[in-house]
Amino acid sequence: MKKLQYEELEEMTRDLQARVEKGITVEQDLINTQNELDAELNRFRLMQKYSSEALKAPDLASFCELTVEYFVEIFNLPRALFLELDEEAGQVVLAQFGLAEYEDQLARIFDKSIVDGNKSKIIRKGETGYEAILKLGLEEAIICPICDQEENCKGLVLAGLKKKEIVFYDSIEEKIADSFALMTQKAGDHLQILRVNERLKKGIAHATKELEEQAEELKRSNQDLEQFAYVTSHDLKAPLRNIASFVQLLNRKYQDQFDEEAREYMQFVLGGVHRLNNLIKDLLQYSRVNRLDAGLEHVDLHDVVEVVKHNLADMIKHQSAEIQIGRLPLFRANYSQMVQLMQNIVSNAIKFNRAGVAPLIRIEGGENAREIYFSVSDNGIGIDARHKEAIFSIFQRLHSADEYEGTGIGLSICKRIAERHKGKIWFESTPGEGSTFFVQIPRNLKRI
Ligand code: ADP
């Protein structure tokens, strides 16, 4: 009985022990599975975090660094590399972590044959075809190609372990390969977006630089032109004055001895001198708009119009022009430039009249919170809308000097003055009925 009891007890103990042991393994299995699940979840969370951060990366360099850091953290690896296969530059290491000592060899590890489509690959020591990678001293490594939408390989991500590290880090197992590939695909998508962005940015920067250079060049040539216009017109003034006075003297003194033909020639010469004189005067005015320091003062446009009427008194009388004046603004501007601007517009309004129709001109204006404006309308010949821009360019005239006298500089002076006051000038017109010229200038200018 005793023996039986002992054997039974022994049997029961063994059974119990086996059960406990089995329980422990089951529990251990459960713990392991739980740990794996936790690791997987953690990996998943990190991948999500990576996705949102990578999208915010401001440039390619910070994106690649971020990517490598995440690879190392997500897969618990001591080193990783982000290598791009650029069509022009060849292999370029965009970022690396823990591989600084192999810097020279890094850019040569890529060979198209080591990647298979867009599949990730785990390499173990001894495998042939991957010598360049294993030469980095790695016991095992994982490589994942970065492909574009057409599955063309654009680069790769590589991570690996050295032999002694396998004790501290988890060996690279097949099951992480899928997550790794998912990450690489995400990295590839972002890389493409950034590459396109970068190309766009470069294109924009290039175009901006070119535009800036052109603007600078234009500014320089404008300055040269202005200088040229100023110097020539200034230097031509004195000899022209001489010619004018001697021709007039000649005409006065010898008029009686001239025959009909000579008198006609003399009229041509005098006409030419007169035109040349106007041209030089206008050219000088044109080049002075931006040359001279122009101070700002309180300008009452009523005063300006009065001065203009006084200056154009002969013309007004000769053409029987009527000038009506409405409400006009008071604002800060350069007084003499405003007189010049108004005078050029009003003299055109009188000059370009219709045959047999006395010029009727209306000047009025107003202001809003930001700008002042005024307009000069006439009942003259009008202007075709095609010439909207052209008539404000220097020397652009729509008629010959025989039809209407002029130099083609008046409106370009107006444009310069308006622009110097940070404003603008334009017109609306109905050919055969009349035109209205508008000027708009910001209120409260601080300087020009
Ligand atoms: P100019 O008066 O010396 O010819 P402008 O630069 O002042 O030169 O004007 C350029 C051209 O614009 C003129 O030759 C004319 O054809 C047209 N123009 C300007 N103002 C008027 C207007 N009020 N009515 C019709 N045409 C105009």
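Remember, it's a predicted structure, so these values are computed and weren't measured experimentally.

Draft legend 1. Spotlight on the pairing of strand S1 (residues 80–86). In terms of residue burial, S1 counts as a mostly covered element, since 5 of its 7 residues are buried. Here S1 pairs with strand S2 (residues 90–97) via 7 bridges, running antiparallel. Bridging across to S2, Leu-85 finds its partner in Gln-91. Alignment of S1 against strand S5 (residues 153–161), held across 5 bridges, turns out to be antiparallel. Bridging from a neighbouring strand, Ala-80 pairs with Ala-159 of S5.

Draft legend 2. Summary view of the site of the ligand. Near the ligand you find 21 residues, and of these Asn-348, Arg-397, Thr-407, Gly-408 and Leu-411 are the closest. A distance of 3.2 Å is found between an oxygen atom of the ligand and a side-chain nitrogen or oxygen belonging to His-399. Within the backbone of Gly-410, a nitrogen or oxygen atom sits 3.4 Å from an oxygen atom of the ligand. Within the complex, 98% of the 530 Å² of free accessible area of the ligand lies under protein. Contributions of two or more residues to the shell around the ligand are made by helix H9 (335–351), helix H10 (410–420) and strand S12 (434–442). Looking at the shell around the ligand, the element that brings in the most residues is H9, giving 3 residues. For the shell around the ligand, the per-class residue count stands at 9 nonpolar, 9 polar and 3 charged.

Draft legend 3. Seen up close, the environment of Glu-174. Tracing the chain through its elements places Glu-174 in helix H5 (residues 174–254). For the pair Glu-174 and Ile-122, spaced 52 residues apart in sequence, the C-alpha to C-alpha distance is 7.3 Å. The residues touching Glu-174, leaving out its near neighbours within four places in the chain, are Ile-122 and Arg-124.

Draft legend 4. Broad picture of the sheet that holds strand S9 (residues 360–367). A sheet is described by the order of its strands in space; here 5 strands give the open sequence S7-S9-S10-S12-S11, paired in mixed fashion. With one partner strand each, in any of the chains shown, strand S7 (322–325) and strand S11 (424–430) form the two edges of the open sheet. Each neighbouring strand pair of the sheet contributes to a mean axis angle of 15 degrees, computed without reference to strand direction. Bridge count between S11 and S12: 7 bridges; the pairing is antiparallel. Its bridge partner being in S12, Phe-427 is matched across the sheet by Phe-437. Its contacts with the sheet place H9 against S7, S9, strand S10 (371–377), S11 and S12, and it is angled at close to 25 degrees to S10.

Draft legend 5. Expanded view of the pattern of salt bridges. Going through the model one piece at a time under the given rule, you end up with 12 salt bridges. A salt bridge links Lys-309 to Glu-306; the nearest nitrogen and oxygen atoms lie 3.9 Å apart. You can see Lys-309 and its partner Glu-306 sitting in helix H7 (residues 301–311), 3 residues apart, about one turn around the helix. The exposure class assigned to Lys-309 is partly exposed, which follows from its relative accessible area of 28%. With relative accessibility at 44%, the residue Glu-306 sits in the partly exposed group.

The rules behind these values
Residues numbered from 1 in each chain as written. Predicted model: local features only at pLDDT ≥ 70, side-chain atom pairs only at ≥ 80, totals over all residues. Heavy atoms only, no water. Buried < 20%, exposed > 50% of the residue type's maximum accessible area, 1.4 Å probe, protein only. Helix = DSSP H or I, 4+ residues; strand = E, 2+ residues; numbered from the N terminus. Pairing = 2+ DSSP bridges. Near = heavy atom within 4 Å. Polar contact = N/O pair within 3.5 Å; in protein donor to acceptor, adjacent residues only side chain to side chain. Areas by Shrake-Rupley, 256 points an atom, 1.4 Å probe, with all protein chains shown as cover. Nonpolar A, V, L, I, M, F, W, Y, C, P; charged D, E, K, R; others polar. Contact = heavy atoms within 4.5 Å. Axes fitted to C-alpha atoms, helices over the stretch in contact; angles between N-to-C directions. Salt bridge = Lys/Arg side-chain N within 4 Å of Asp/Glu carboxyl O.

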